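Inside the fold
One letter stands for each residue in the lines below.
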Amino acid sequence: MLVLLPPSETKALGGSGAPLDLDLLSHPELTPVRGKLVDALVDLAADVPASLAVLGLSERQAGEVERNAELRRSPTLPALARYTGVLYDALALGTLTKTEKSRAFARLSVASALFGVVGGGDPIPAYRLSGASVPPSVGPLGGLWRPALEPVLAAADEFVVDLRSSPYTSLARIPAAAVIRVVTEDGTGRRNAVSHFNKAHKGRLAQAIVKSRSEPGDLKGLIRLAVRAGLRVEPTGPKTADLIV
């Protein structure tokens with residue numbers, strides 16, 4: 001299966017891996033776009049005020065621009081170790097067994113404004129670029145990524161689970177994917193989308209997926225897996241389900 005997680009703005013710093021090598025990343029068809037965006041970010045980093053404006057950062061976050069300037073030279077970490085925040089805290093990569101971590105690297109991928117999508121074990125540096133950013137030299141990221149990324153994801157011959165957030169769903173449509181929505185349920189049975197804690201619950205679902213020895217091949221199998229892990233997931237359509245919290 002292929003589970004697409006949203007990225008995080010925050011990244012772990014440092015790393016022990018060799019500098020970025022685009023040829024080592026999953027989905028080599030995306031290398032030309034990745035290279036173009038890396039060059040665009042490195043060039044943009046030479047103008048700190050412009051970088052802050054494009055990336056939506058304050059002057060206190062100028063260190064993020066420095067990291068973009070070092071994209072091709074800084075050390076790397078596996079993608080699931082690089083991204084931080086509530087989803088990745090809930091996934092708790094560091095608590096997984098060796099076997100579970102191998103499953104995480106095989107089953108989980110991360111949507112990325114810079115790399116399109118990366119496998120959980122792909123070695124990447126710290127960077128700053130969100131799905132809504134518009135680097136002047138390349139323009140809106142959706143127009144750049146959709147022609148390259150949509151065919152790659154459409155060609156996946158496995159069960160795809162889409163947990164991406166809206167800025168990243170706009171970078172590529174995946175009509176065949178199962179989409180999981182995190183919702184609350186009030187006393188009348190009405191369901192409302194969860195915003196603040198959305199990522200934490202997606203992280204718990206991702207952890208349940210990698211702790212499971214069996215690998216679901218469809219939405220029904222995913223729901224059974226989630227229920228066994230103590231999560232409440234109910235189908236809402238042939239390719240959609242609600243994770244109720």
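Residues numbered from 1 in each chain as written. Predicted model: local features only at pLDDT ≥ 70, side-chain atom pairs only at ≥ 80, totals over all residues. Heavy atoms only, no water.

**Quick notes on the overall build of the protein chain**
Scanning the protein chain from terminus to terminus reveals 10 helices and 10 strands. Over its C-alpha atoms the protein chain spans a radius of gyration of 18 Å, differing by no more than 12% from the 18 Å that the globule rule assigns to 245 residues. Within the protein chain, the proportion of its 245 residues that are buried is 51%. In the protein chain, the proportion of contacts linking residues at least 24 apart, taken out of those at least 6 apart, comes to 69%. Accessible surface, the protein chain: about 11300 Å² in total, of which carbon and sulfur atoms supply 55%. Across the protein chain, the centroid of the 29 positively charged side chains sits 6 Å from that of the 24 negatively charged ones. (Helix = DSSP H or I, 4+ residues; strand = E, 2+ residues; numbered from the N terminus. Rg over C-alpha atoms; globule rule 2.2 N^0.38 Å. Buried < 20%, exposed > 50% of the residue type's maximum accessible area, 1.4 Å probe, protein only. Contact = heavy atoms within 4.5 Å. Areas by Shrake-Rupley, 256 points an atom, 1.4 Å probe, with all protein chains shown as cover. Lys, Arg positive; Asp, Glu negative; His and termini not counted. Charge placed at Lys NZ, Arg CZ, Asp CG, Glu CD.)

**Quick look at the pairing of strand β9 (residues 232-237)**
As judged from the 5 bridges shared by β9 and strand β10 (residues 240-244), these two strands associate in the antiparallel manner. Paired with P235 across the strands is A241, a residue of β10. Hairpin connection, β9 to β10: the antiparallel pair is bridged by 2 residues. (Pairing = 2+ DSSP bridges.)

**Re the packing of aromatic side chains**
All told, the structure shown has 3 aromatic pairs when counted by the stated rule. Between Y83 and Y88 the ring centres are 5.8 Å apart and the planes differ by 25 degrees, which places this aromatic pair in the stacked class. In this structure, Y83 and Y88 share a single accessibility class: buried. Between F115 and Y127 the ring centres are 5.6 Å apart and the planes differ by 85 degrees, which places this aromatic pair in the edge-to-face class. Residue F115 is located in the loop between β3 (108-112) and β4 (116-119), and its partner Y127 is located in the loop between β5 (123-124) and α7 (141-154); the two are separated by 12 residues in the primary sequence. Classification of F115 by relative accessible area gives buried; the value is 0%. For the cation-ring pair, K11 lies above Y127, with the distance from its terminal atom to the ring centre recorded as 4.4 Å. (Phe/Tyr/Trp six-rings, centres within 6.5 Å; stacked < 30°, edge-to-face > 60°. Lys NZ or Arg CZ within 6 Å of the ring centre and 35° of its normal.)

**Observations regarding the pattern of salt bridges**
With the rule as written, the count across this model stands at 15 salt bridges. Its salt-bridge partner being R107, residue E215 comes within 3.7 Å of it at the nearest N-O pair. Linking E215 in the loop between α9 (198-211) and α10 (219-228) with R107 in helix α6 (residues 98-107), this pair joins segments that are 108 residues apart in sequence. Among the residues examined, E215 registers a relative accessible area of 43% and is labelled partly exposed. With its nearest N and O atoms 3.0 Å apart, the salt bridge here joins R191 to E185. Given the relative accessible area of 23%, R191 is considered partly exposed. Looking at E185, the relative accessible area reads 32%, which means it is partly exposed. (Salt bridge = Lys/Arg side-chain N within 4 Å of Asp/Glu carboxyl O.)

**Overview of α9**
Compared with an ideal rise of 1.5 Å per residue, which puts 14 residues at 20 Å, α9 spans 20 Å between its outermost C-alpha atoms and is within 8% of the ideal. Within α9, 10 of the 14 residues are buried, leaving the element largely enclosed by the surrounding structure. (Expected span 1.5 Å × (residues − 1).)

**Here's the deal with the environment of L37**
Topologically, L37 is positioned in helix α1 (residues 31-44). Residue L37 is classed as buried on the basis of its relative accessible area of 0%. Through-space distance from the C-alpha of L37 to that of L114 is 6.2 Å; in sequence the pair is 77 residues apart. Not counting the four nearest positions on each side in its chain, L37 is found in contact with A113, L114, V138, L141, L144 and W145.

**Focus: the nonpolar core**
Membership of the largest hydrophobic core comes to 75 residues, with the highest contact counts inside it found for L5, L80, L108, L114, F115 and I180. No other element matches α7, which puts 7 residues into this core. For L80, the residues in contact, after removing those within four places along its chain, are L5, Y88, L91, L93, A104, F105, L108, V110 and G120. (Core = buried A, V, L, I, M, F, W, Y, C linked by side-chain atoms within 4.5 Å.)

Nothing here speaks to function; it is all geometry.
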